[in-house]
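Commentary on secondary and tertiary structure
As a plain string of letters, each chain reads:
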Amino acid sequence: STGAEFSMYGGSICGNTGAEGNYGVGLCLYNDNGKHQIRGGKIYENKTVAYDSPEGVGVYVSFGNLTISGAVEIYDNKRGTENDNIYMPWNLNQECIIIDGELTNTTPIGVWARYEDVVIKADGTNVTDLTEYIDNFTPDNTGRVLQLSVDKQSIKLLPPHIHPICGGAHSDIGDHTGNCEDITWTAVSTEADLKSMMSGGSYYLKNDIELTSTLFV
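Below or above, wherever it landed, is the structure these notes cover. Remember, it's a predicted structure, so these values are computed and weren't measured experimentally. (Residues numbered from 1 in each chain as written. Predicted model: local features only at pLDDT ≥ 70, side-chain atom pairs only at ≥ 80, totals over all residues. Heavy atoms only, no water.)

Here we look at the environment of arginine 39
How we decide: Secondary structure elements follow DSSP: runs of H or I of four or more residues count as helices, runs of E of two or more count as strands, with numbering from the N terminus. Two residues form a contact once any of their heavy atoms are found within 4.5 Å. Polar contacts, as used here, are pairs of N or O atoms within 3.5 Å; protein pairs need one atom able to donate a hydrogen and one able to accept it. Residues neighboring in sequence count only if both atoms are side-chain atoms.
Locating arginine 39 in the fold gives a position in strand S5 (residues 35–44). Residues arginine 39 and glutamate 73, 34 residues apart in the sequence, show an inter-C-alpha distance of 9.8 Å. The residues contacting arginine 39, other than those within four sequence positions of it, are Met8, Tyr9, Thr67, Ile68, Ser69, Gly70, Ala71, Val72 and Asp100. One polar contact links arginine 39 to serine 69, side chain to side chain, over a distance of 2.9 Å. In terms of polar contacts, arginine 39 uses its side chain to reach the side chain of aspartate 100, at 2.6 Å.

In structure tokens form, the structure reads like this:
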């Protein structure tokens, strides 16, 4: 449909079972230029049989954004044994989750997207910094991590960084500080950290850094 609206402020969507290839067993939002918002309530324990691609068993969001705030609980939606809570097949800046107010869910919301790009944005008016909200979400994609942008207004779903020296794949920001085989790594996240690298050592970059002065190496 086009231009339709969906709003959820409470209640539960749960216990639904779909066949193979069913999208949005709990909630299917397929709506060009529509308005979708969830301000409370639970979407949980919906399921389909095992399938080789995500289906958005909890919430399927296509051709539109999903705006959320409040006590929104979306969890334990399964495709076979795989977590499949919120799925966005066209997230190349065409669709994503938008946070426009305080988010108070107690269980991290699982997100899954087709592309390695933005999956969550701040609305830019009521919410301008997503730092406190990144832990309200968790990747449902196997081998993906959530990464906060430099301006803190968006979150991307990306592969973990892999260090060419140790060969290890590290999924959590900060989980590589310390010894990795025979190398001691130090996280770099600020301009001051970059300048301290002049003293030598082994470092890895946690996020993008914008320089305010010339860096001499």
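A closer look at unusual backbone geometry
Operational definition: Only protein chains enter the accessibility calculation, which uses a 1.4 Å probe; a residue is then buried when its area is under 20% of its type maximum, exposed when over 50%, and partly exposed in between.
Of note, the phi angle at glutamate 45 is positive, near 55 degrees, even though the residue is not glycine. Relative accessible area serves as the criterion here: at 44%, glutamate 45 is assigned to the partly exposed category. Of note in this structure, phenylalanine 63 is not a glycine but carries a positive phi near 60 degrees. Along the polypeptide, phenylalanine 63 turns up in the loop between strand S7 (59–62) and strand S8 (66–75). What makes phenylalanine 63 partly exposed here is its relative accessible area of 32%.

Topic: the sheet that holds strand S11 (residues 86–88)
As a reminder, the rule being used: Two strands pair if DSSP finds at least two bridges between them. All axes are obtained by fitting lines to C-alpha atoms, using only the stretch in contact for helices, and the reported angles, taken between N-to-C directions, cover 0 to 180 degrees.
The five strands are arranged S4-S7-S11-S13-S15 in an open sheet whose pairing can be described as parallel. Only two strands of the sheet have a single neighbouring strand rather than two, namely strand S4 (27–30) and strand S15 (137–139). Here the average twist between neighbouring strands, direction ignored, is 20 degrees. Both S7 and S11 contribute to a ladder of two bridges, which runs parallel. Paired with valine 59 across the two strands is isoleucine 86, which belongs to S11.

As for the sheet that holds strand S9 (residues 78–79)
Two strands in a sheet stick together by hydrogen bonds in their backbones, pointing the same way (parallel) or opposite ways (antiparallel). With mixed pairing, four strands are arranged side by side in an open sheet as S3-S6-S9-S10. Either end of the sheet is taken by a strand with one partner, and the two such strands are strand S3 (17–18) and strand S10 (82–83). Pairing geometry for S9 and S10, over two bridges, is antiparallel. Among the inter-strand pairings, arginine 79 is bridged to a residue of S10, identified as glutamate 82.

Description of the pairing of S7
The two faces of S7 match: Val59 and Val61 on one face and Tyr60 and Ser62 on the other face are all buried. Pairing analysis gives four bridges linking S4 to S7, with the strands arranged parallel. Residue cysteine 28 lies in a different strand from S7, and its bridge partner there is tyrosine 60.

Some details on the pattern of salt bridges
To keep things clear, this is the line we draw: One side-chain nitrogen of Lys or Arg within 4 Å of one carboxyl oxygen of Asp or Glu is enough to make a salt bridge.
All chains considered together, the criterion is met by four salt bridges. Across the salt bridge formed by aspartate 100 and arginine 39, the nearest N and O atoms sit 2.6 Å from each other. On the criterion of sequence distance, the pair formed by aspartate 100 in strand S12 (residues 97–103) and arginine 39 in strand S5 is long-range, its members being 61 residues apart. Here arginine 39 falls in the partly exposed class, since its relative accessible area comes to 21%.

Some remarks on the nonpolar core
Rule in force here: Within this scheme, the nonpolar core is defined by two criteria: the residues are buried Ala, Val, Leu, Ile, Met, Phe, Trp, Tyr or Cys, and they are joined through side-chain atoms within 4.5 Å.
Judged by nonpolar contacts, the single largest core of 31 residues is most densely connected at Ile38, Val59, Ile68, Ile86, Ile99, Leu130 and Phe137. The element contributing the most residues to this core is S8, with four residues. Setting aside its immediate chain neighbours within four residues, isoleucine 86 contacts Val59, Val61, Leu66, Ile74, Ile97, Ile109, Gly110, Val111, Trp112 and Asp140.

Details of the environment of glycine 15
Topologically, glycine 15 is positioned in the loop between strand S2 (12–14) and S3. Owing to a relative accessible area of 57%, glycine 15 belongs among the exposed residues under this scheme. Each C-alpha atom, one on glycine 15 and one on glycine 26, is 8.4 Å from the other, the two residues being 11 residues apart in sequence.

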